[in-house]
Amino acid sequence: MVNSWRVQQAAREIRAGAVIAYPTEAVWGLGCDPWNEEAVERLLAIKSRLPDKGLILVADNIHQFDFLFEDFPETWMDRMASTWPGPNTWLVPHQNLLPEWITGVHDTVALRVSDHPTVRDLCSLVGPLVSTSANPQGRPAARTRIRVEQYFRGQIDLVLGGNLGGRRNPSVIRDLATGKVVRPD
């Protein structure tokens, strides 16, 4: 992992409560520290997103989520590990180990291990991040830095430069317990 000075600056900003924009595999994302309630509430307000919906957490490796997996069956662990890193998001029982501002009204939390180098570098420094598409609710996800800046001028703290990963669609979302696809790619 490279951990450029820009990624290191973004990590410092996140630790201080910032909401940032960054490139992901298919679209630009908005992120913040999932343990910082104020930052998450600000991110939700910027997007005009209801907190009940819950948010995706992204990491650079499966072990960043180990605190959630203590009692998981081996088949579940194998199921996730076989698709990560990559464009797969799993709905995983959170067992009340995460705050409601992340899980919303759900018994599961959406988890993904990214294969995008910038996201991985960032998560290697700060741990899992909130990761949601960079768009106001109901608008198309930003695919360019210019669109991010048009959508959120003056509302976010940092736009971390870089290129998208080349995928056309956001990650597939599956239920871990059933394997059922909830959102296709």
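Source: prediction; values computed, not measured.

**Side note on the nonpolar core**
Argument step 1. Judged by nonpolar contacts, the single largest core of 37 residues is most densely connected at F69, M80, L111, V148 and I156.
Argument step 2. Elements represented by at least two residues in this core include exactly β2 (28–31), α2 (37–47), β3 (56–59), α3 (74–81), β4 (88–93), β5 (108–113) and α6 (145–152).
Argument step 3. Counting residues per element, this core draws most heavily on α2, which supplies five residues.
Argument step 4. Once you skip the residues sitting within four places of it in the chain, I156 turns out to touch V19, A21, L30, R42, I46 and V148.

**Here's the deal with the packing of helix α1 (residues 5–15) against helix α5 (residues 117–126)**
Argument step 1. Between α1 and α5, the shortest axis-to-axis distance is 9 Å and the interhelical angle comes to 50°. The pairing of α1 with α5 is recorded here as oblique in orientation. When you trace α1 past α5, the crossing you get is right-handed. From α1, V7, Q8, A10, A11, I14 and R15 reach across to α5, where they touch T118, D121, L122, L125 and V126.
Argument step 2. Tallied by class, the residues present in the contact of α1 with α5 amount to seven nonpolar, two polar and two charged.

**Describing the state of the cysteines**
Argument step 1. Counted according to the given criterion, the structure contains zero disulfides.
Argument step 2. No disulfide involves C123; its nearest neighbouring cysteine sulfur is the one of C32, lying 12 Å away.

**Digging into the pairing of strand β6 (residues 129–133)**
Argument step 1. For β6, a buried count of four out of five residues is recorded, marking the element as mostly surrounded by other parts of the structure.
Argument step 2. In this sheet, β6 lies alongside β2 in antiparallel orientation, the contact comprising two bridges. What sits directly across from L30, in β6, is T132.

**Overview of the packing of aromatic side chains**
Argument step 1. Per the stated rule, a full pass over the model turns up six aromatic pairs.
Argument step 2. With 5.2 Å between their ring centres and 45° between their planes, F69 and F72 make a pair best called tilted.
Argument step 3. Overall, F69 belongs to the buried group, its relative accessible area being 6%.
Argument step 4. The exposure class assigned to F72 is buried, which follows from its relative accessible area of 12%.
Argument step 5. With 5.8 Å between their ring centres and 70° between their planes, Y151 and F152 make a pair best called edge-to-face.
Argument step 6. Ring pairing ties together the aromatic residues F65, F69, F72, W76 and W84, which thus form one cluster.

Conventions we followed
- Residues numbered from 1 in each chain as written.
- Predicted model: local features only at pLDDT ≥ 70, side-chain atom pairs only at ≥ 80, totals over all residues.
- Heavy atoms only, no water.
- Core = buried A, V, L, I, M, F, W, Y, C linked by side-chain atoms within 4.5 Å.
- Buried < 20%, exposed > 50% of the residue type's maximum accessible area, 1.4 Å probe, protein only.
- Helix = DSSP H or I, 4+ residues; strand = E, 2+ residues; numbered from the N terminus.
- Contact = heavy atoms within 4.5 Å.
- Axes fitted to C-alpha atoms, helices over the stretch in contact; angles between N-to-C directions.
- Parallel < 35°, antiparallel > 145°, perpendicular 65-115°, else oblique.
- Left-handed = near helix turned anticlockwise from the far one by under 90°.
- Nonpolar A, V, L, I, M, F, W, Y, C, P; charged D, E, K, R; others polar.
- Disulfide = S-S within 2.5 Å.
- Pairing = 2+ DSSP bridges.
- Phe/Tyr/Trp six-rings, centres within 6.5 Å; stacked < 30°, edge-to-face > 60°.

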